[in-house]
Structure formats: structure tokens, C-alpha cells
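Survey of secondary and tertiary structure
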Amino acid sequence: LVGDREGNIFGSTYINQHMFGLRPGGHVRDLGKVIRADGQVDSMHAGRDGRVYMGSYVRAHLSIYDPSLPWQPGTSPDSNPRELGEVGHGQYRTCAIVLGPDDRVWVGTIPSYNSAPTGAFSVWDPATGGHRSWLDLVPGGAVRQMAAGERYLYCAGGGRFFAWDPVAEEKVHEVEMPVGSLAVAPGGTVVISSGDEVRFFDAETMEFAGAIRSPIGSMSHMAVTPDGNVCGISSEAVARILPASHEVERIADEGGRLIASDADGALYFARDAQLWRLR
């Protein structure tokens, strides 16, 4: 579930590879099947370029959708959504996907059905079709959470948090800590849900700038809102995080999974097969 820069909300549906869209002032509508394979879209990311990046089960297929262009799915460069292909290396499910500051697509995946010994952290260049995977950056291989800053990627998996330089293709900082979700706020502060705490990581100093108790416990997903704050969700509630002042407040006693913001700051989240809105 993601919100793009035009205020649209996009999400996926279970086991048919379809995605849906909700435009400002409109209704939820099915857009169609994203890729040719069976399965479902596991992860989505609204890129700074206005396009939606997706990873699908099975076999970790990647695809890109441009909401400003007509729906014309396929594998050619002018298709929309454009199917890029499989990550490979026995990977089946995508946990996280982002458009990096280097204009390449970065994805964290896990294997399934004994198809590979570990998960993977992979990069795909849509311009050239070149891609590469790392299987040993974290215990178990799988990077399960990612967010993109202006220079680095911020990633978590295997009980570790690390900052990744996509140009040098190396870690520039790493620490052991559990991570439920993370987001990069405007200004570069990385907001991290770690157990019952919310922690703040300064991208300039590469140090943690503080930690406070979360009023809703561990947050499974986060979204940046138009006012520059971050909202997180647990199964029971929603919280608003103010990175500038290191404050967290509980704003709703309804929870669920996934979370996205539209251009007016309204929040959307999933509960079972329902899409909820919080104004």
C-alpha cells in the first residue's frame, strides 16, 4: 500500500497479481493484472519519480507502473506496468523494494519451499537490465525493511540495521537491533520502530540521536506524511511521530497492516480485505 506524490493511493490484492488505485475524490478501482505470472504483489514503493515499483510472489518478479501513462502491461520498455523479470537465486517473496538514489531498484527477498539456502539483497538497473544479488549481508541473507534517503539506503534484516552506499555497494554503518519498520523523514532523519521503542538515526553523523517509548508497541509499517512527520501502525493502533522534536503520540485506537498517506494527510491502512481511511 503506497501513496504517490499526486495523492493517489495504490495497493494490491491477494493471489491474482492485480493492483488497485484510489485517485483523490474518487473510488477504489481495480487496475488490472500487473505481470503474467500467477501469485500476488508482495511489496510496493512510490518512487520520487512518480512511478510505483513492485515485487511479486512467486519467484520474486519485479515490475514498474507509471500512473500518468495508459495501462498497457508487458515486458517491453514502453509497457505499463513494465515487467522486468525475476530476481533469481531461488528467491520467491519480496519483503521490501525501493528506488534508490542511484536510480536503480533495490529489493529484499526470501526463498520459499527450500528453493535457496538464504534470502537476498538485490539491485536491478531498469535502463540496462543488469542485476546483482548479495546473499550474506545479514544473517539469513534477507533484507526485510528498506527506505531510501538522498544518498544512502537504510535497511534491516537478520536482527541488524545498516546504512548502504548504493554507489560504492557497501555498508557504511551497521548495528545489531531488531527492526519492525523504518522510514526516512524529510531532512534525513531515519525513524525506526525497534521493539517498544522509536529510535532516531542521524544520517549525517551516522549515530542514533535518541530513543523514546512507543505508545502502540512495535510498528509493522510506517509512512511519511505531507507535513514531514511519520505515522506508524500496529495491529491495534496508529501513532504519529515527530522527528524534529522526538515525540510520539497515539492518534487512533484502530489498527491493522500497511499504511500510506495521501496528499491531504489522510491515512489509509489494511485490515483483512478492507481498506480503511483515517482523517
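Refer to the structure printed above.
Summary of the structure given here. Treat the numbers as computed from the prediction; the structure is a model and nothing was measured.

Pairing within the open sheet is antiparallel, and its four strands lie in the order β21-β22-β23-β24. Two strands close off the open sheet at either side, each with one partner strand: β21 (221–224) and β24 (247–252). Across the sheet, the mean angle from the axis of one strand to that of its neighbour is 25°, orientation sign disregarded.

Sheet analysis places strand β11 (residues 120–124) next to strand β12 (residues 131–134), joined by four bridges and oriented antiparallel. Within β12, the position partnered with Trp124 by the bridge is His131. Linking β11 back to β12 in an antiparallel pair, the connection comprises six residues, with Gly129 at a positive phi of about 85°.

What follows is about the pairing of strand β18 (residues 190–194). Burial within β18 is extensive, with five of its five residues counted as buried. Across four bridges, the pairing between strand β17 (residues 181–184) and β18 is antiparallel. Bridging from a neighbouring strand, Ser181 pairs with Ser193 of β18. As paired elements, β18 and strand β19 (residues 197–202) share five bridges and run antiparallel to each other.

Analysis parameters
- Residues numbered from 1 in each chain as written.
- Predicted model: local features only at pLDDT ≥ 70, side-chain atom pairs only at ≥ 80, totals over all residues.
- Heavy atoms only, no water.
- Pairing = 2+ DSSP bridges.
- Helix = DSSP H or I, 4+ residues; strand = E, 2+ residues; numbered from the N terminus.
- Axes fitted to C-alpha atoms, helices over the stretch in contact; angles between N-to-C directions.
- Buried < 20%, exposed > 50% of the residue type's maximum accessible area, 1.4 Å probe, protein only.

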